[in-house]
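Next come the chains, spelled out residue by residue.
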Amino acid sequence: MATVTIRNVWKYYGETPAVKDLNITCPDGSFVSILGPSGCGKSSTMRMIAGLEHISSGDILFDDVRVNDLAPKDRDVAMVFENYALYPHKSVYENIANPLRLRDVKEATIKERVEGAAKLLEIGHLLGRRPHELSGGQKQRVAIGRAIVREPKLFLFDEPIAHLDAKLRAHMRGEIKHLQRTLGTTMVYVTHDQLEALSMADYIAVMHDGELQQWGTPSEIFNNP
Ligand code: ADP
Ligand code: ADP
């Protein structure tokens, strides 16, 4: 688990700033939603936290450690995107196991973690299937399973359920929230959907045009718009 601190962070693409002097602290074990319209800088922020995008200026810290220059694989974060990027030719079991295989984890540990994650996500009966044999919600769970087996100290979810239908989205909101509470892992969750932020987050960071516009609990944000 980790406290994530974004301190005076700027992101430029060429001459154009996409993130402007951003300051956000995500407390250890909390669920923080970054909420804002398309193009406001949410994904850029997420990618800088993951180490997938260079920070133009400012710092990002995990606890007291400055991570600006750490490679993604050394940051101990797991990401789930809107498009799940499952391996089509691999079984559900192998999709979930993949990050552990890349890290030379022992076979017995892999089995234990994959089966544990599958049980938590209620996909234990799907471990032998291929991605094309799964529904949208099931694929989403596999992507989440792949993130949690690594036991990262931080989850980064970027619009993970945006393309699911309304009923399934409502269901997955509950599941993701429950999962984060159960594991106690710090979560940064990007969305443009107010209802998602409102129903899941401990704190909401509202972004507008690259800047932090508002920060607070869901009731603080939605009672003082
Ligand atoms: P959001 O996730 O809120 O939709 P992004 O962080 O993706 O916002 O984008 C913020 C701004 O930065 C947008 O104006 C977008 O066009 C621009 N941008 C994002 N990625 C790049 C890139 N790789 N090159 C140039 N501009 C980019
Ligand atoms: P993994 O499933 O472990 O992310 P990949 O083959 O996708 O495996 O990536 C190899 C390494 O690069 C990973 O260990 C991971 O730390 C880093 N990486 C790649 N893509 C991402 C991403 N989208 N988010 C975070 N880290 C990433």
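Parameters at a glance
- Residues numbered from 1 in each chain as written.
- Chains lettered and ligands numbered in written order.
- Predicted model: local features only at pLDDT ≥ 70, side-chain atom pairs only at ≥ 80, totals over all residues.
- Heavy atoms only, no water.
- Helix = DSSP H or I, 4+ residues; strand = E, 2+ residues; numbered from the N terminus.
- Expected span 1.5 Å × (residues − 1).
- Buried < 20%, exposed > 50% of the residue type's maximum accessible area, 1.4 Å probe, protein only.
- Contact = heavy atoms within 4.5 Å.
- Salt bridge = Lys/Arg side-chain N within 4 Å of Asp/Glu carboxyl O.
- Pairing = 2+ DSSP bridges.
- Axes fitted to C-alpha atoms, helices over the stretch in contact; angles between N-to-C directions.
- Near = heavy atom within 4 Å.
- Polar contact = N/O pair within 3.5 Å; in protein donor to acceptor, adjacent residues only side chain to side chain.
- Areas by Shrake-Rupley, 256 points an atom, 1.4 Å probe, with all protein chains shown as cover.
- Nonpolar A, V, L, I, M, F, W, Y, C, P; charged D, E, K, R; others polar.

Peer 1: Explain helix 4 (residues 136-148) to me, and be specific about the residues and the numbers.
Peer 2: For helix 4, with 13 residues, the first-to-last C-alpha span of 19 Å sits near the 18 Å given by 1.5 Å per residue. Of all 13 residues in helix 4, 10 are buried; the element is thus mostly enclosed. Residues of helix 4 that are buried: Gly137, Gln140, Arg141, Val142, Ala143, Ile144, Gly145, Arg146, Ala147 and Ile148. In the core, the buried residues of helix 4 are packed alongside strand 6 (77-80), helix 2 (92-102), helix 3 (107-120), strand 7 (154-158) and helix 5 (166-183).

Peer 1: Residues and numbers for the pattern of salt bridges, please.
Peer 2: Applying the stated criterion to the full structure yields 12 salt bridges. For the salt bridge of Lys11 with Glu53, the shortest nitrogen-to-oxygen distance reads 3.7 Å. In this pair, Lys11 is assigned in strand 1 (residues 4-13) and Glu53 in the loop between helix 1 (42-50) and strand 4 (57-62), connecting sequence segments 42 residues apart. Put simply, Arg66 and Asp69 hold a salt bridge, and the shortest N to O gap is 3.4 Å. Since its relative accessible area comes to 46%, Arg66 is described here as partly exposed. Residue Asp69 is classed as exposed on the basis of its relative accessible area, which comes to 69%. What you see here is one network of salt bridges that share partners, running through Lys11, Arg47 and Glu53.

Peer 1: So, the sheet that holds strand 8 (residues 186-191): which residues are in play, and what are the values?
Peer 2: Within a sheet, neighbouring strands are paired by backbone hydrogen bonds and run either parallel or antiparallel to one another. Taken together, the 6 strands give an open sheet; going across it, the order is 6-7-8-3-9-10, and neighbouring strands pair in mixed fashion. The strands lining the two open edges of the sheet, one partner per strand, are strand 6 and strand 10 (211-216). On average, each strand axis in the sheet is inclined to that of its neighbour by 20°, with strand direction left out of account. In the sheet, strand 3 (residues 31-35) pairs with strand 8 via 5 bridges, with the strands oriented parallel. From the neighbouring strand, Ile34 faces strand 8, where its bridge partner is Val190. Contacts from helix 1 reach strand 3, strand 6, strand 7, strand 8 and strand 9 (203-208) within the one sheet, and its direction differs from that of strand 7 by about 155°.

Peer 1: Run through the environment of Ile60, naming residues and quoting values.
Peer 2: Within the fold, Ile60 resides in strand 4. Classification of Ile60 as buried rests on a relative accessible area of 1%. For Ile60 and Pro37, which are 23 residues apart along the polypeptide, the C-alpha to C-alpha distance reads 23 Å. The residues touching Ile60, leaving out its near neighbours within four places in the chain, are Thr5, Ile6, Val9, Met48, Ile49, Ile55, Val65, Arg66, Val67 and Asn68.

Peer 1: Summarise the site of ligand 2; cite the residues concerned and give the values.
Peer 2: Close contacts around ligand 2 come from Leu52, Pro72, Lys73, Met79, Phe81, Pro99, Leu102, Arg103 and Arg150, and that covers them all. For ligand 2, an oxygen atom lies 3.4 Å from a polar atom in the backbone of Lys73. Taking Arg103, its side chain carries an N or O atom lying 2.7 Å from an oxygen atom of ligand 2. Protein chains bury 67% of the 500 Å² of accessible surface belonging to ligand 2 in isolation. Within the shell around ligand 2, the residues separate by chemical class into 6 nonpolar, no polar and 3 charged.

Peer 1: Kindly report on the pairing of strand 6, identifying the contributing residues and their values.
Peer 2: Sheet faces and side chains relate simply in a regular strand, where the side chains alternate between the two faces. In strand 6, alternate side chains face the same way, and those of Val77 and Met79 on one face and Ala78 and Val80 on the other are all buried. Examined bridge by bridge, strand 6 and strand 7 share 4 bridges and lie parallel to one another. Residue pairing in the sheet places Val80 in a bridge with Phe157 of strand 7.

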